[in-house]
Amino acid sequence: MRLFRKCTRIFIILCLFAVSVTTPILLLSSHRLRHLGSDGSKEFVGDLSIIKQRLEVRALNAVQQEEGRSVKEPILDVYRDGDQSSAVSLDSIDKNDSVGKPENASLSGIDVTTHAPKKESQQSLPEQKVATTREKEKSRPEEVQRGQNVQSHPRRALDEKVKEVKDQLIRAKAFLNFVPPGSNSNFVKEIKLRIKDLERAVGEATKDSDLSRSYVSRAIQKMKAMDSTLLKASKLFPECSAMVKKLRAMTYNAEEQLRSQKNQASFLVNLAGRTTPKGLHCLSMRLTTEYFSLPPEEQELPDQHKFQDPDLYHFAVFSDNVLACSAVVNSTVSTARVPEKIVFHIVTDSLNLPAMTMWFLSNPPGKATIQIQSIDKFDWLSNKYILQKQESLDPRYTSPLNHLRFYLPDIFPSLNKIVLLDHDVVVKRDLTGLWRINMKGKVNGAVETCLEGEPTFRRMDMFINFTDPLVAKRFDVKSCTWAFGMNIFDLQEWRKRNLTALYHKYLELGSDRPLMKAGTLPIGWMTFYKHTRAIDRRWHVLGLGYESGVRLNEIEQAAVIHYDGVMKPWLEIGLQKFKPYWKKHVWYEHPYLQQCNIHE
């Protein structure tokens, strides 16, 4: 009987427990099913969206708190686009190529500048939707205004991000060198991964403008990850002296590599400057073949009676480069007021004489007159003597054409004045005014190069050995220097003072002892010492054949621009910013230039 009562009591307790559990569930389910077809679904979705939004806010707060512990990044524009996640606004950076300071960048009620949630996040869902729509409408003019502010910032600020990346890479590699060889710890794996990720994110970029919008955001993320890794590394290796020694060693190695690469680059540039491009060699061969196919009576240039007329304007060019000579002649004739009174005397070697003659036979320079001569026809000139006295690996210094300028009175015995032009110049103004300059009894009219701070500044002791007693006695180290390339010579005064014999004397002295560097410039300073008349600097502007920093306004005002240096405009190594001045006087549509692959 007692057992029966006990079982009955247990059964009643279980029934009451089941009723108390299942009754609320059934009531709640029936209520949900009753309203599911109408507003229930909307409330359900609304609940999910609210939950999602709260999760996004918490995630963003966590990210910003992590950023606050690490490196502080520049404030960036942030926007909200529909239901997508946040993104950094880089449109203005890409379009304007500069960085501006955002005024009030915000995302989903989070103020980026303060890292604190706004009051709008506590509003109800309908109010948040209306506020988001209004913020979108207001953000458009603000973005335009920020884009205008972006343009006013200097461009050099753009390189800061790439510099920070490279600094991080250097620090990371320095820490990696502290690790024992063969170590495969988690720290080594982590820092190697960070280095690889950061190098991939930046790539070959040298400035921030080289990075696209996606690469900038990716680099920022990798920088933050690298910064946390570097923080761990600084705790693992807290000794500063070891880091200083390692960085000094890395700096020394980098400087040695840079010095070696600079020497190699300088050698290659000088080598390229001394060689003849394949296209120019091809052009010379084609013109030579064409010349010898002509009958003898058609191989002569016209108007030979003008060659020795002292009343005309005579120009001399000594060169073996057909294309360069054509640019000099074309630019001079195109700017001349009276081209029919211009006579060009081009002297070349016997190898290039047929090609040079054929070019001007088929491309006559308008009303001007051309004379082509070979240096081998000057029996009175000893080429062997010149080559023995100027010892150098550079053919520009050992070439007889380079020293032919000291024999102008002998080459043109019937002329009184002549203008010498190098083959690497371009004429931009009429040069007939040079004949009206009062030489005041001087032989050489040239532009001075003795102003300190100018790109073409030269001193006598840069090229002449003033430790020699003979040099120190005859010349003043502070005397003003001048430039070859565009010179007006009074040949009558030259003959009176017999400066060619003086040139030979200094050349002989230089063969016995090191008086000067190879080339015509130092020996020209010595030969025409106290015989040079300074002319206006606008007649001749130098520095277009190397990174001299010559100003654009000087080039525009110049009568002659000179590509002195190894970076000639017809070479691939020529400076692109100066090439258009030369290219405009070259006929690239010529069939021979097209066949020899000589293009702009």
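Going by the structure above, here's the rest.
Analysis parameters
Residues numbered from 1 in each chain as written. Predicted model: local features only at pLDDT ≥ 70, side-chain atom pairs only at ≥ 80, totals over all residues. Heavy atoms only, no water. Helix = DSSP H or I, 4+ residues; strand = E, 2+ residues; numbered from the N terminus. Contact = heavy atoms within 4.5 Å. Areas by Shrake-Rupley, 256 points an atom, 1.4 Å probe, with all protein chains shown as cover. Axes fitted to C-alpha atoms, helices over the stretch in contact; angles between N-to-C directions. Parallel < 35°, antiparallel > 145°, perpendicular 65-115°, else oblique. Left-handed = near helix turned anticlockwise from the far one by under 90°. Nonpolar A, V, L, I, M, F, W, Y, C, P; charged D, E, K, R; others polar. Salt bridge = Lys/Arg side-chain N within 4 Å of Asp/Glu carboxyl O. Buried < 20%, exposed > 50% of the residue type's maximum accessible area, 1.4 Å probe, protein only. Expected span 1.5 Å × (residues − 1). Polar contact = N/O pair within 3.5 Å; in protein donor to acceptor, adjacent residues only side chain to side chain. Lys, Arg positive; Asp, Glu negative; His and termini not counted. Phe/Tyr/Trp six-rings, centres within 6.5 Å; stacked < 30°, edge-to-face > 60°. Lys NZ or Arg CZ within 6 Å of the ring centre and 35° of its normal.

## A word on the overall build of the protein
Next, step 1: Within the protein one finds 21 helices and 14 strands.
Next, step 2: Sequence-distant contacts, at least 24 apart, represent 75% of the contacts inside the protein between residues at least 6 apart.
Next, step 3: For the protein, the exposed area adds up to about 35100 Å²; of that, 54% sits on carbon and sulfur atoms.

## Remarks on the packing of helix α4 (residues 160-178) against helix α7 (residues 240-274)
Next, step 1: Taken N-terminus to C-terminus, the directions of α4 and α7 make an angle of 115°; their axes are 10 Å apart at the nearest point. Considering the angle they form, α4 stands roughly perpendicular to α7. The hand of the α4/α7 crossing is right-handed. The segment α4 lies against α7, with I170, K173, A174, F175, N177 and F178 engaging A242, M243, K246, L247 and M250.
Next, step 2: Split into classes, the residues belonging to the contact of α4 with α7 amount to eight nonpolar, one polar and two charged.

## Let's talk about the pattern of salt bridges
When charged atoms on two side chains of opposite charge get close, those side chains can pair.
Next, step 1: Counted according to the given criterion, the structure contains 14 salt bridges.
Next, step 2: For E199, the salt bridge identified is with K173, shortest N-O distance 3.4 Å. Here E199, found in helix α5 (residues 186-202), pairs with K173, found in helix α4; they are 26 residues apart in sequence, far enough to count as distant.
Next, step 3: K173 gets classed as partly exposed once you look at its relative accessible area, which sits at 37%.
Next, step 4: Linking R259 and E256 is a salt bridge whose minimum nitrogen-to-oxygen distance equals 2.6 Å. Note that R259 and E256 are positioned in helix α7 at a spacing of three residues, about one turn of the helix.

## Description of helix α17 (residues 499-512)
Next, step 1: When the terminal C-alpha atoms of α17 are compared, their 21 Å separation across 14 residues agrees well with the 20 Å that a helix rising 1.5 Å per residue should span.
Next, step 2: The set of residues buried in α17 consists of L499, T500, Y503, Y506, L507 and L509.

## Regarding the side chain of D468
Next, step 1: As for its placement among the helices and strands, D468 is situated in the loop between β11 (444-446) and α15 (469-474).
Next, step 2: The buried category is assigned to D468, whose relative accessible area is 9%.
Next, step 3: A polar side-chain atom of D468 sits 2.9 Å from the main-chain amide nitrogen of L470.
Next, step 4: Ignoring anything within four residues of it in the chain, the contact list for D468 reads R513 and L515.

## Structural notes on the side chain of K428
Next, step 1: Positionally, K428 belongs in the loop between β10 (425-427) and β11.
Next, step 2: One buried charged residue, K428, remains without a salt bridge, the closest side chain of opposite sign being E556 at 4.3 Å.
Next, step 3: Of note is the side chain of K428, whose polar atom sits 3.4 Å from the backbone oxygen of I555.

## Quick word on the packing of aromatic side chains
Geometrically, a pair of aromatic rings is defined through the distance of the ring centres and the angle of the planes.
Next, step 1: This structure, assessed with the given rule, holds 17 aromatic pairs.
Next, step 2: A centroid spacing of 5.8 Å and a plane angle of 55° characterise the contact between F475 and Y506, whose relative ring orientation is tilted. Here F475 is found in the loop between α15 and β12 (486-490), whereas its partner Y506 is found in helix α17, with 31 residues between them in sequence. Just as F475 is buried, Y506 falls in that class too.
Next, step 3: Plain terms: the ring middles of W494 and F528 are 5.2 Å apart, the flat faces sit at 90° to each other, and that makes the pair edge-to-face. Residue W494 is found in helix α16 (residues 491-497), and its partner F528 is found in the loop between α18 (520-527) and β13 (532-534); the two are separated by 34 residues along the sequence.
Next, step 4: Exposure remark for W494: the relative accessible area of 1% places this residue in the buried category.
Next, step 5: The rings of F406, Y407, W482, F484, F489, W494, Y503 and F528 are connected pair by pair, giving a single aromatic cluster.
Next, step 6: Taking the ring centre of F484 as reference, the NZ or CZ of R405 above it sits at 4.7 Å.
Next, step 7: Looking at K517, its charged tip hangs above the ring of F463, at a distance of 5.5 Å from the centre.

Geometry only, nothing functional implied.
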